[in-house]
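# Architecture at a glance
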Amino acid sequence: MKKERLTIEDRMLIEQLIKLNYKQVDIAKVIDVESSTISRELKNRRCISPSKLLECDKTKKFPFVCNGCCSRTNCKKRKYYYNYKKAHQNYKYLLSNSRRGIDMTLDELDYWNDFFKDKIKDKNQPILHIFNELNFPKSIQTFYSYVHKGYFSNINDEMLARSYSYKPRKRTEEDAKTIRNDSVIRNGRKMEDFYQYLKEHPNASIVEMDTVIGKFEDKKCILTLYFRNSKLMLMFLINKYKPSEVEKVFNKLKEKLTIEVFKEMFEVILTDNGWEFSKPNELEINSSTGEKIINIFYTEPYSSWQKGGIERNHEFIRYIIPKGISFDNLTKKNVIDMMNHINNVQRKSLEYKTPYQIFLKKYGEDISKQLHLKQIPKDEVNLSYKLLRK
C-alpha cells in the first residue's frame, strides 16, 4: 500500500536523489509513493532565491529545482532549491494550522476523509451526485472550503470539478478543417433558421451533436449526441474528421430505431461547423424514400455556448479521460461503459434524477436497450480512468 504522508527521512532521501539526478518514477519507487506525490512535494515546498531574474525553463518541469543542475553555479536565472528541513517545517506548519477552527471532531474528519476518498479520488464522482441524500453536516460551499484548506488529506482541489478554470486553446494552422461561414452548406441551417423553426415547432425534440478528441494526432474520436429534454448523451467511437463515419452512425440508428422513432427523437439537431458534419443531406434524408425526416442546424463560428448543454456534459468525459490522453486505444465497450456511467450521474436540474431515468420514462426500455443504455447503481457510478480497465 502506498504511503499517504512523507516523513522527514523521506524528504531527506528526496533531496539526496535529486542531487544525483534520479528520475521522478525511480524516486517514487524508492520511497513507495505515487509519482505525482514527488512532483507536488518539489513544486509546493521548494525555496526560491530572492531575485528579480528571469525564470529558467528547466524549473518548469521535473525536478522543478536546481539542486542537481550542473550549471547552477554560473547560471544568471532565478534559482529554486529543495531543502528537506525547510520542507518538513512547512509541512508541519500547514498540518497544524489547517486543522484550526474546523467545526468537526477528529473521528468525524477521519470518517468523511475515507468516505470522500472512495467517492471522489477512487471513483471521480461529481459533488452534486454525492451530496444528494448525504448526511454531510456542512454545505457544499463549506466542503469546498475544507478541501481548499487541507482538512481532508485524501483529496485536494485538483480533484474537484470547476475548482480551476482554463484558458481557451488558441487555434493554429494545424487545426482541423471546418465549414466556412459563407458555405452553401449553411444556407437555411443557420441559427436564425434554428430559432425560426423552434418558433413554429415549440415542442420539437432538440439534440446537440459534437465530437470529442484526445490527442490531435489521434485517428479516432468520440461522436456525442445530447438530448436537451433529458440531458442524456449517446456516445460512439468513430474515425476522426470523416463525414462518412457520422453517416454510418446515423444509418445504424435509423435501422435500430425504425424511421418513425428516429424522426421523433432526432427532429432537430444542432451542431458546430466541424468538417465531419459537412454533409447534412446524407443525415437528414431517408435514402429509401428521399424524404427529409430531420433538420440539422449549425451554430455560429466560435460560439460553443449556443450548444452549451453538450459542452458541459463533455466535462464528464474529461473526468475519465483527461485532455491529452489518446483515444486510439479505446474500444466500443470502453465508450459504452463511459456513456452509461455518465448518464447515471444525478443532476440537480433534474431534481436529482439521472438522465437515464428521464430518458427511460420517455422512450421506454426497448429503445434504451437498442441504444446500449442501462442503469448503474448510484454507489457504483465511476468517473475515473479505472473504469476503462475493467
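Please refer to the structure higher up on the page.
What this report covers is the structure whose coordinates are included nearby.

### Some words on the nonpolar core
- Ranked by size, the top nonpolar core spans 56 residues in total, and within it Phe-266 and Met-338 carry the most contacts.
- Looking at which element gives the most residues to this core, the answer is strand β4 (residues 220-227), with six residues.
- Non-local contacts of Phe-266, meaning those with residues more than four positions away in its chain, are made with Val-207, Leu-225, Phe-227, Leu-234, Leu-253, Leu-257 and Ile-294.

### Side note on the environment of Asp-157
- Note that Asp-157 resides in the loop between α7 (140-149) and α8 (191-200).
- Overall, the relative accessible area of 14% leaves Asp-157 in the buried class.
- Through-space distance from the C-alpha of Asp-157 to that of Tyr-144 is 7.9 Å; in sequence the pair is 13 residues apart.

### A short note on the pairing of β4
- Within β4, seven of the eight residues are buried, which leaves it mostly tucked inside the rest of the structure.
- Here strand β3 (residues 206-212) runs beside β4; their pairing, made up of six bridges, is antiparallel. Each bridged residue has a counterpart across the sheet, and for Val-212 the counterpart in β4 is Ile-222.
- With seven bridges joining them, β4 and strand β5 (residues 233-239) adopt antiparallel strand pairing. Each bridged residue has a counterpart across the sheet, and for Lys-220 the counterpart in β5 is Asn-239.
- Turn length for the β4-β5 hairpin, with the two strands adjacent in sequence and antiparallel, is five residues, and the turn residue Lys-231 shows positive phi of about 65°.

### Re unusual backbone geometry
- With an omega dihedral of 10°, the bond running from Phe-62 to Pro-63 counts as a cis peptide bond.
- Examined against the element boundaries, Pro-63 turns out to sit in the loop between β1 (47-48) and β2 (80-81).
- You will see that Tyr-241, though not glycine, has its phi angle at about 65°, which is positive.
- Mapped onto the elements, Tyr-241 comes out in the loop between β5 and α9 (243-257).
- The backbone phi angle of His-372 is positive, close to 65°, even though this residue is not glycine.
- With respect to the helices and strands, the residue His-372 is situated in the segment after α14 (355-370).

### Some points on the pattern of salt bridges
- Counted by the stated rule, this structure contains 16 salt bridges.
- Its salt-bridge partner being Glu-15, residue Lys-19 comes within 3.6 Å of it at the nearest N-O pair. Taken as a pair, Lys-19 and Glu-15 lie in helix α1 (residues 8-19) at a separation of four residues, close to a single helical turn.
- The exposure class of Lys-19 is partly exposed, given its relative accessible area of 48%.
- Residue class for Glu-15 comes out buried when judged on its relative accessible area of 11%.
- In this structure, the salt-bridge partner of Lys-307 is Glu-311, at a minimum N-O distance of 2.6 Å.
- Among the charged side chains, a network of salt bridges with common partners joins Asp-210, Asp-272, Lys-307 and Glu-311.

### Comments concerning helix α2 (residues 24-31)
- Considered for burial, the residues of α2 that qualify are Gln-24, Ile-27, Ala-28 and Ile-31. Each buried residue of α2 sits inside an arc of 100° when the element is viewed along its axis, so together they form one side.
- In this structure, the buried residues of α2 make contact with α1 and α3 (35-45).
- The first or second residue beyond α2 is Asp-32, which carries a positive phi of 65°.

Rules used throughout
- Residues numbered from 1 in each chain as written.
- Predicted model: local features only at pLDDT ≥ 70, side-chain atom pairs only at ≥ 80, totals over all residues.
- Heavy atoms only, no water.
- Core = buried A, V, L, I, M, F, W, Y, C linked by side-chain atoms within 4.5 Å.
- Buried < 20%, exposed > 50% of the residue type's maximum accessible area, 1.4 Å probe, protein only.
- Helix = DSSP H or I, 4+ residues; strand = E, 2+ residues; numbered from the N terminus.
- Contact = heavy atoms within 4.5 Å.
- Pairing = 2+ DSSP bridges.
- Salt bridge = Lys/Arg side-chain N within 4 Å of Asp/Glu carboxyl O.
- Arc of directions from axis to C-beta.

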